[in-house]
Structure formats: C-alpha cells, structure tokens
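# Topology and contacts: notes
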Amino acid sequence: VFNRKTVSLSSEPKNGDAGEGSGVALKKQIGLVSACGIIVGNIIGSGIFVSPKGVLENASSVGMAIIVWVTTGIITAIGALCYAELGVTIPKSGGDYSYVKDIFGGLAGFLRLWIAVLVIYPTNQAVIALTFSNYILQPFFPSCFPPEGGLRLLAAGCLLLLTWVNCYSVRWATCVQDIFTAGKLLALGLIIIMGVVQICKGHYYWLEPAHAFETFRDYDVGLIALSFLQGSFAYGGWNFLNYVTEELVDPYRNLPCAIFISIPVVTFVYVFANVAYVTAMSPQELLASNAVAVTFGEKLLGVMSWIMPISVALSTFGGVNGSLFTSSRLFFAGAREGQLPCLLAMIHITRCTPIPALVFTLISTLLMLCTSDIYTLINYVGFINYLFYGVTVAGQIVLRIKQPDIYRPIKVSLLWPVIYLLFWAFLLVFSLYSEPVVCGIGLAIMMTGVPVYFLGVYWENKPQCFHIIIGKMTHLCQKLCLVVYPDMVKNPVPNPQKKDQNKEDDKSPQMNA
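Residues numbered from 1 in each chain as written. Predicted model: local features only at pLDDT ≥ 70, side-chain atom pairs only at ≥ 80, totals over all residues. Heavy atoms only, no water.

### Comments concerning helix α6 (residues 106-137)
Under the convention used in this document: The way it works is that DSSP assigns letters per residue, a run of H or I at least four long becomes a helix, a run of E at least two long becomes a strand, and they are numbered from the N terminus. A helix's residues, less one, multiplied by 1.5 Å, set its expected span. In this scheme, the bend at a residue equals the angle between the axes fitted to the seven residues that finish there and the seven that begin there. Whether a residue is buried, partly exposed or exposed follows from its accessible area with a 1.4 Å probe, protein chains only, as a fraction of its type maximum: under 20%, in between, or over 50%, in that order.
Taking 1.5 Å of rise per residue, 32 residues should cover 46 Å, and α6 covers 45 Å from first to last C-alpha, within 8% of that figure. At Ala116, α6 shows its maximal kink, close to 50 degrees. Counted residue by residue, α6 has 24 buried out of 32 residues, so it is predominantly covered.

### Regarding the packing of aromatic side chains
The test is simple: Pairing of aromatic rings covers Phe, Tyr and the six-membered ring of Trp, with a centre-to-centre limit of 6.5 Å; geometry is then stacked below 30 degrees between planes, edge-to-face above 60, and tilted otherwise. In our convention, an over-ring charge means Lys NZ or Arg CZ found within 6 Å of a ring centre and within 35 degrees of that ring's normal.
Under the defined criterion, the tally for this structure stands at 27 aromatic pairs. Arranged with centres 4.7 Å apart and planes meeting at 75 degrees, the rings of Tyr83 and Trp238 form a pair that is edge-to-face. Residue Tyr83 is located in helix α4 (residues 62-89), and its partner Trp238 is located in the loop between α10 (221-234) and α11 (251-280); the two are separated by 155 residues in the primary sequence. Summarising the aromatic geometry, the rings of Tyr168 and Trp172 are spaced 4.6 Å apart at their centres and angled 45 degrees between planes, so their arrangement reads as tilted. According to the relative accessible area criterion, Tyr168 is partly exposed, its value standing at 30%. Judged by its relative accessible area of 42%, Trp172 falls in the partly exposed class. Through successive ring pairs, a cluster of aromatic residues spans Tyr83, Tyr99, Trp238, Tyr386 and Tyr389. Above the ring of Phe325, the side-chain terminus of Arg329 is found at 4.1 Å from the ring centroid.

### A word on the pattern of salt bridges
For clarity, the cut-off: For salt bridges, the criterion is a side-chain nitrogen of Lys or Arg within 4 Å of an Asp or Glu carboxyl oxygen.
Applying the stated criterion to the full structure yields 10 salt bridges. Between Lys92 and Glu337 there is a salt bridge whose closest N-O contact spans 3.2 Å. In this pair, Lys92 sits in the loop between α4 and α5 (96-104) while Glu337 sits in the loop between α14 (307-336) and β1 (347-348), placing the two residues 245 residues apart along the sequence. Glu337 gets classed as buried once you look at its relative accessible area, which sits at 18%. Glu148 is the partner of Arg152 in a salt bridge, and the nearest nitrogen-oxygen pair spans 3.0 Å. Of this pair, Arg152 and Glu148 both sit in helix α7 (residues 148-168), 4 residues apart, roughly one helical turn.

### A few points about the side chain of Lys462
Spelled out, the test is: Asp and Glu are treated as the negative residues and Lys and Arg as the positive ones, with His and the ends of the chain left uncounted. Distance and chemistry together define a polar contact, namely a pair of N or O atoms within 3.5 Å, with one atom able to donate a hydrogen and the other to accept it when in protein, and with adjacent residues in sequence counting only for side-chain atoms on both sides.
Mapping Lys462 onto the fold places it in the loop between α19 (449-458) and α20 (464-481). No salt bridge is formed by the buried Lys462, whose closest oppositely charged neighbour, Glu460, lies at an N-O distance of 7.8 Å. Engagement of the side chain of Lys462 in a polar contact is seen with the backbone oxygen of Gly456, the distance being 3.3 Å. For Lys462, the side chain forms a polar contact with the main-chain oxygen of Trp459, separated by 2.3 Å.

### Things to note about the packing of α4 against helix α17 (residues 415-434)
Put simply, the test is: Each axis is a line fitted through C-alpha atoms, and for a helix only the stretch in contact is used; angles between axes span 0 to 180 degrees, taken between their N-to-C directions. For this classification, under 35 degrees means roughly parallel, over 145 means roughly antiparallel, 65 to 115 means roughly perpendicular, and everything else is oblique. Helix crossings get a hand from a simple test, with the near helix turned counterclockwise from the far one by less than a right angle marking a left-handed crossing and a clockwise turn marking a right-handed one. In this description, contact between two residues means that some pair of their heavy atoms is separated by no more than 4.5 Å. Polar here means any residue outside two lists: the nonpolar Ala, Val, Leu, Ile, Met, Phe, Trp, Tyr, Cys and Pro, and the charged Asp, Glu, Lys and Arg; Gly therefore counts as polar.
Following both chains from N to C, one finds α4 and α17 inclined at 130 degrees, their axes separated by 9 Å at the closest point. In terms of their interaxial angle, α4 and α17 are classed as oblique. By crossing handedness, the relation of α4 to α17 is classed as left-handed. Counted together, Ile75, Ile78, Gly79, Leu81 and Cys82 of α4 and Trp416, Pro417, Ile419, Tyr420 and Phe423 of α17 form the full contact between these two elements. Grouping the constituent residues of the contact of α4 with α17 by class yields 9 nonpolar, 1 polar and no charged.

### Some words on the confidence of the model for the protein
For clarity, the threshold we go by: Every residue is assigned a pLDDT by the predictor, reflecting its confidence on a scale from 0 to 100.
Predicted confidence across the protein gives a mean pLDDT of 83, with 88% of residues reaching 70 or more. Every residue in residues 1-22 scores below 50 in pLDDT, and together they form 73 contacts with partners more than four places removed in sequence or on other chains.

### Here we look at the packing of α10 against α17
One way to put it is that α10 packs onto α17 with a least axis distance of 9 Å and a crossing angle of 115 degrees. With respect to each other, α10 and α17 are oriented roughly perpendicular. Of the two elements, α10 crosses α17, and the hand of that crossing is left-handed. Two secondary-structure elements touch here, α10 through Val221, Gly222, Ala225, Leu226, Phe228, Leu229 and Ser232 and α17 through Phe423, Phe426, Leu427, Phe430, Ser431 and Ser434. Grouping the constituent residues of the contact of α10 with α17 by class yields 9 nonpolar, 4 polar and no charged.

### Some points on a nonpolar patch on the surface
Put simply, the test is: Patch definition: residues with relative accessible area over 30% and no salt bridge; like charges joined within 9 Å; nonpolar side chains (Val, Leu, Ile, Met, Phe, Trp, Tyr) joined within 5 Å. Using a 1.4 Å probe, accessible areas were evaluated by the Shrake-Rupley method; residue-level cover was limited to the displayed protein chains.
Nonpolar side chains collect at one region of the surface, where Val303, Met304, Trp306, Ile310 and Leu314 lie side by side and expose about 500 Å² of accessible area between them. Among the secondary structure elements, Trp306 is positioned in the loop between α13 (292-300) and α14. Assessed through its relative accessible area of 47%, Trp306 is described here as partly exposed.

### Notes on the side chain of Thr350
Following the sequence through the fold, Thr350 ends up in the loop between β1 and α15 (355-369). At 3.0 Å, the side chain of Thr350 and the side chain of His348 are in polar contact.

Have a look at this one:
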C-alpha cells in the first residue's frame, strides 16, 4: 500500500517563498534564530505554567525538586548532544525515525513512525489545543468550567488556522513560532523577575538549605525516579529540530548551535521559574494548585493577574504551531522512505510546503478531539516515546561500531551516550516496575504496527488492481492539492569525504509506473 506510485507533474517554483534554485523541493529557510525558536517553543508548552507540581510531589522536598530540574536539564543536554552528532552524520529530516530506520532497519523505523502517527502526535496536539481553548474561554466562565463542546470547537479552530499558516508559507510558520516563543520567554522572564524581587524582600524561606530539604513525605527511590520521569517529559521536544534538518540553513553549523543555545536557556528558565514559585507559595499551596502560574500571578500581580492565563494561552498556541510544523515533516520523511502513502511526501508546486502531510496531521488530530480518552492514550504511549529516545542514542554507538570511518562533522565522546543510556535505563526500569500495565498496553499498541508493516511495506507484489486504485486516488489528490513529488537529494549538505560511499542511497526514490 505504501509503494511509491505518482503522476509526474513537473513545475518550477513561482514565488519567493519557494526559495532559490530549480525544481520543486523543500527549501532551506530555517536560520539559527528560527531553529532556536523551534526547540524552545516545542519544549516550553503549558507544563511549566500549569503543573510543575508533578516533580515536587514525587521529589518530596523543594530542594530535591530543584535538583531534579537541574539534573534532568543536564541529561537532556547530553541527549541533544548525541542527536546533534546523528543529525549531521545522517543529515535527513525525520529525526529519530530516520536514524532508527537507517541503523536498525525498516521494521524498527516503522514502529517508531507507527506509534507517532497513530497516537503520539495527534494526542499531544489535541491536548495542547484544548489547553489553549480552556485558557481563552476561562475568563468568560469565571464561576464554572467552559462547556466541553466550546472547548473542542475552539481547539479545532486553532488547529485549522495554524494548519493553513503552515500550508501557506514556511516563513510564516517560522515567524509565528519565533513570535510566540519570544512571548512565552517574556512571560517566564516576568515570573523569574518577580521571584528575584521576592528574594530581595526576604521571602526565601523554602530556599534556605534547612527548609529546602524539609520533606512532606519520606524519600523513596521509586518516587524520585518518577520525579525524574516527570521532569524528562517536561523537557520533551528537545529533539524536534532534527525533524526538519533538510530545511535548515547550514545544518552542520546551525543544528548543533541551536541545541547548545536552546537547552541551557530552557534549563535556566525551568529551574528559576520553579525557584520563583516557592518564593510566593509553600509546597502545600503549590501542590494544591492546578495552575501554578495563575495562582502565582494572583498572589503577586493583583489587578494584572490576567497576564498569566493569557501567557499560558499564547504559549500553547505557539506549541500547537511548532508541533504541526515538525510532525508533518516526520510524516513527510516516512512517506519519502516508502513507509507511508507516497502522497504524504509531496509538496505544493509553488509554495514548497508539504500540504498533504499537514492535512493528514490535521485530520488525525481532529479525530483525537472527538474522543474522550486522549489523556489515557498519552499515558500509554509516553513510555514508548521515551523508549525510542534510548534506542536512538544506542544507535549512535552501533553506528560508531558499524561505520567508524563515516564522515562526522561533530564527534562526541562515547562517554556521553553511555551516561544518557544509564539514566534512561534507570527511568525505564522504574516505569515498568511502578506501572507495568500502562507500559504493557503501550508496547501492545506499538506492536500492532508489525502486521501493518509486513502487509503495507514488506509485501511488494500486491495485485495490479490495487496499484491502479491507489494510483488514481493519488493522482486525484495531487490535482486537488497541486502537489508533486519533490526533487530528491539524499545528502542535502555536500560531503566531500563521502562522495563514493553508499551509492545506492544517493539515488532518488524509484517511482513505479
């Protein structure tokens, strides 16, 4: 079903958004600032504003919670460093999917793609959009919860608007991301400044060592592991820039630079925002709040407290945009590799945006908005998502062994992936121990992709009538969306040391007539 079967509609880009050069292809339009905006904007969603209490609750003390935030930021930076090496060694869009597929084979890559297509991205985008609509509507319903139908309709409107922006122009999408990332950083900067003012006024009781490690429950290794897991999920999104490698200007330079800038910024913001919270609230008050930043604003901002819910809304709006932008590139990469319908690998003939992949992302997310089990699904697949981070970093070690002489513009010490994998194994073991049923269901959902892989990808000699039907449907969709299969270049960045290596890989994907 996923064999490439397209109709050739040749065209040249007609407007400036398509960029320079001949042919129809994804253009390099993401500079360093926008690259940082993608990472920071995808990591910082609603979590740091709404509920950092998960880390504190399991850490058992303020001091331990701050240690967890710092340590998790360091581990995230180590993981991002490993991804930076992989990103410039295998300079293809698709992120960990592309790396897992190239290193461990088609089935492993497809399972990563399958769980992302089926659950991870649609549910995450649906939840972020619902959070956005909740904070927009809350002022109109001060004494009760907004109606469920209104929340879902506004969330759908947010998704439709941002999908249109992403379909219209890559530059527009990155501008939206830059503006809203700057907005959420300003809001968090306001929280940190207010925390500094509180400390200057002497409100630092819970930051003094004697009180910071005062426990409200006994320390427990299992609970501390869950605290680290909560912190790791809060840093989720650090690998999203790897999904758009081929659209980066000078990826050998900008990919690692964006990572080295963004992860420390996010770690600083997370740590000091949590420090600021405890200058105005006791641990008990923080744990009792369902929206920590809102409670913090009500205590310190007075009549200006409306700034915080607006900040959460703007932050989640930018988060939806970043998730749509990067997830569509993952589906684009999967289709280009022949593991999703080839229509998803096509781009608009003038705007050079992956419209079919974006529309597919939109439809799957809208379907998730219609279900009441979104949060349950996220719990089930969160473990799987984190599992593939470790598999990808392990792939870095495997690639060093299998291809020690491959050109690596960045080559990190193997000590770093080993440290990351030890931390990763620690978290996964305790996840399996504490929630075996949830993890088991997540694995079962992932394994449903095995028969799909063998029927859709591995089985090539399908009936001719099936190919004819798929070809006609693809042709119709091409006409409706004005999309064609792009000019493909396997290595988007010149690699003088590897001209003769992997000649088979350098060929453009074959299209069955």
